[in-house]
Amino acid sequence: MIVHKSVAELLKKDYYETLGVPRNASTKDIKGAYYKLAKKFHPDQNKGDDKAKVKFTEISEAYEVLSNSQKRANYDAYGHTQHATSGSHGYQGGAEFTASHAEEIFRQFFGQGFTGGFDFDTIQQSAGRDNIYQVSLNLSFNEAIEGCVRELSFRVQGVCDRCSGTKSEPGAKKSKCPYCGGSGEEAINTGFFHMRSTCRNCYGQGYIVTTPCRNCRGSGVTMQSKRGSIKIPAGVSDGQTVRVIVDGTEVMATLNVERSRQFRREGFDVHSDVAIGISLAVLGGNMRIAGLTGPIDLKIPTGVQSHHRIRLSGRGIPRLNHYGSGDHYVHIKIATPKKLTPKQRDLMIQFAETEQHPSDTNIIGLTDKEDSEEKDRGKQRSIFRRIKDSLWSDNTEATGTKTGTV
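Source: prediction; values computed, not measured. (Residues numbered from 1 in each chain as written. Predicted model: local features only at pLDDT ≥ 70, side-chain atom pairs only at ≥ 80, totals over all residues. Heavy atoms only, no water.)

Attention shifts here to the overall build of the protein. The helix and strand tally for the protein stands at 12 helices and 15 strands. A burial count over the protein gives 34% of its 406 residues as buried. Sequence separation of 24 or more characterises 60% of the internal contacts of the protein that already satisfy a separation of 6 or more. Counting every atom, the protein has about 25400 Å² of accessible surface; 50% of that belongs to carbon and sulfur. (Helix = DSSP H or I, 4+ residues; strand = E, 2+ residues; numbered from the N terminus. Buried < 20%, exposed > 50% of the residue type's maximum accessible area, 1.4 Å probe, protein only. Contact = heavy atoms within 4.5 Å. Areas by Shrake-Rupley, 256 points an atom, 1.4 Å probe, with all protein chains shown as cover.)

Okay, here's the thing in structure tokens:
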């Protein structure tokens, strides 16, 4: 089979190159590429720039073909020639793909009409979603643990009140689509295959709106304000998404939970640190600590060691969609005093005297006291020796005198 190509067909840029995607790109990749390029080159973003307008039209034409599995298969097999030889109506039958076609694809992709101005924030909220509003909510740690109710106001697209979604002025007549004859489909003949696809001119409706609705500008939808409340259940975690219906609109709320300075969360369990003194650690006792829902009386066992972990069953975070709660784990930290009063120091030395220490251990205060006592004992021995020597000397002299007399 010999295929003849016109000059226009030869000059047409490859659709994959136009969108900047490989030939094996997925549908998701193609949509993502169109989303970025359409925002960048939309005429409302580039007023007075004819090159951007042409680029926007090329991008839309490429997306219109590659986003449709049948059209993409035909294009992969026959290239641009397929559209010139198919015998179908619309741009695929040889008619030029116009800027109005590009604008309509843009509106369909983003779900609303933007002929009155390009609104990036609105596009980002609605792109690729049908009547779904996504919002990010900031919660404190306690709000996430205990649950709360948040008031919400937002704008989403809804059916136009004026035309009830018909896209035309009330009472206006609609004309039959001249390209598909009112069937909503167009035929594609390849010589080997005979296929039918959605009409490019009326987009499958079978009719053309001759008098667009003034309120929605022919899109059938308008931006509408919604108000409602979202009930956040107890026990939600950071990054979790809650799905609720607010005033007939599906709302996907992503939660950003603030970190607690006192508690550490692990699933539905919570951990906290408690510092205790030496006397409480040695003797044991009771103390009051902070819990998730209020103060807790904690029993400290006698002789508890530092980093010991005490489990408080059922005092943790409520389990979502389950009964009960997690556990609260208390980590004991023994706080050693940095300064002692003279009385406390004497008591610690007395306590140290009763302990058994390795032979190579030297305790400050205890060693000094032992040295001092040894010196005192040495002095006492020295005094006793001098007294003894003195007494011995006197006794000798007295004995010697008597002997000489005799």
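Time to look at the sheet that holds strand β1 (residues 132–139). One open sheet holds the three strands; their spatial order is β1-β9-β8, and the pairing between them is mixed. Since the sheet does not close on itself, it has two edges, and those belong to β1 and β8 (241–246), each with one partner. The mean angle between the axes of side-by-side strands here comes to 30°, regardless of whether they run parallel or antiparallel. When β1 meets strand β9 (residues 249–257), the two strands line up parallel, connected through eight bridges. Across the sheet, residue L139 finds its bridge partner in β9, namely V257. (Pairing = 2+ DSSP bridges. Axes fitted to C-alpha atoms, helices over the stretch in contact; angles between N-to-C directions.)

Two elements in contact, helix α3 (residues 27–41) and helix α4 (residues 50–66), have axes whose closest approach is 9 Å; the angle formed by their N-to-C orientations is 160°. Taken together, the axis directions place α3 and α4 in an arrangement best described as roughly antiparallel. At the point where α3 passes α4, the crossing takes the left-handed sense. Two secondary-structure elements touch here, α3 through I30, K31, Y34, L37, A38 and F41 and α4 through A52, K55, F56, I59, S60, Y63 and L66. Considering only residue class, the contact of α3 with α4 consists of 10 nonpolar, one polar and two charged. (Parallel < 35°, antiparallel > 145°, perpendicular 65-115°, else oblique. Left-handed = near helix turned anticlockwise from the far one by under 90°. Nonpolar A, V, L, I, M, F, W, Y, C, P; charged D, E, K, R; others polar.)

Glancing now at unusual backbone geometry. Positive phi, normally seen in glycine, also occurs at K167, with a value near 75°. Structurally, K167 is set in the loop between β2 (148–159) and β3 (174–176). With a phi close to 75°, H307 is a non-glycine residue in the positive phi region. Relative to the elements of secondary structure, H307 occurs in the loop between β13 (295–300) and β14 (309–312).

Right, let's talk about the packing of aromatic side chains for a bit. Applying the stated criterion across every chain yields a total of five aromatic pairs. When the centroid spacing of 6.1 Å and the interplanar angle of 45° are considered together, the rings of Y16 and Y75 count as tilted. One end of the pair, Y16, is in helix α2 (residues 15–19); the other, Y75, is in helix α5 (residues 69–78), with 59 residues separating them in the sequence. Assigned by exposure class, Y16 and Y75 land together as buried. Here the aromatic rings of Y34 and Y63 are separated by 4.3 Å at their centres, their planes lie at 20°, and the arrangement is stacked. Of this pair, Y34 sits in helix α3 while Y63 sits in helix α4, and the two are 29 residues apart along the sequence. (Phe/Tyr/Trp six-rings, centres within 6.5 Å; stacked < 30°, edge-to-face > 60°.)

Quick look at the sheet that holds strand β10 (residues 264–266) now. The strand order across the open sheet built from four strands is β10-β11-β15-β14, with neighbouring strands paired in mixed fashion. Sheet topology places β10 and β14 at the edges, where each strand pairs with a single neighbour. Pairs of neighbouring strands in the sheet enclose a mean axial angle of 30°, with direction left out of account.

Below, the discussion takes up the confidence of the model for the protein. Per-residue confidence for the protein gives a mean pLDDT of 78; residues scoring 70 or more make up 74%. Note that pLDDT drops below 50 for residues 1–10; the model gives that stretch eight contacts with residues more than four away or on any other chain. Low pLDDT, under 50, characterises residues 83–95; the stretch is placed with 33 contacts to residues that sit more than four places away or in other chains. (pLDDT = per-residue confidence, 0-100.)

Time to look at the nonpolar core. The tendency in soluble globular proteins is for nonpolar side chains to be buried side by side. By size, the foremost hydrophobic cluster in this structure holds 22 residues, and its most contacted members are L19, V21, I30, Y34 and L66. Where this core is concerned, the elements lending two or more residues are α2, α3, α4 and α7 (99–110). For this core, the element with the most residues is α4, which contributes seven residues. Formed by 20 residues, the second largest nonpolar core is a distinct cluster that contains A144, L152, V244 and L255. (Core = buried A, V, L, I, M, F, W, Y, C linked by side-chain atoms within 4.5 Å.)

Two numbers describe how α4 lies on α5: the axes approach to 6 Å, and their chain directions differ by 105°. Taken together, the axis directions place α4 and α5 in an arrangement best described as roughly perpendicular. Between α4 and α5, the residues in contact are E64, V65 and L66 and K71, R72 and Y75, respectively.

Let's shift gears to the pairing of strand β11 (residues 269–276). Consecutive side chains along a regular strand alternate between the two faces of the sheet. Pairing between β10 and β11: three bridges, direction antiparallel. Residue pairing across strands places E266 opposite D269, the latter belonging to β11. Connecting β10 to the antiparallel partner β11 that follows it, the hairpin turn spans two residues, and G267 within it adopts a positive phi of roughly 65°. Where β11 lies against strand β15 (residues 328–334), seven bridges are found, and the strand directions are parallel. Residue S272 lies in a different strand from β15, and its bridge partner there is V330.

We now examine a nonpolar patch on the surface. Nonpolar side chains collect at one region of the surface, where I278, V282 and L283 lie side by side and expose about 270 Å² of accessible area between them. The residue L283 is located in helix α10 (residues 278–283) in this model. Judged by its relative accessible area of 62%, L283 falls in the exposed class. (Patch = residues over 30% accessible without salt bridge, like charges linked within 9 Å, V, L, I, M, F, W, Y side chains within 5 Å. Salt bridge = Lys/Arg side-chain N within 4 Å of Asp/Glu carboxyl O.)

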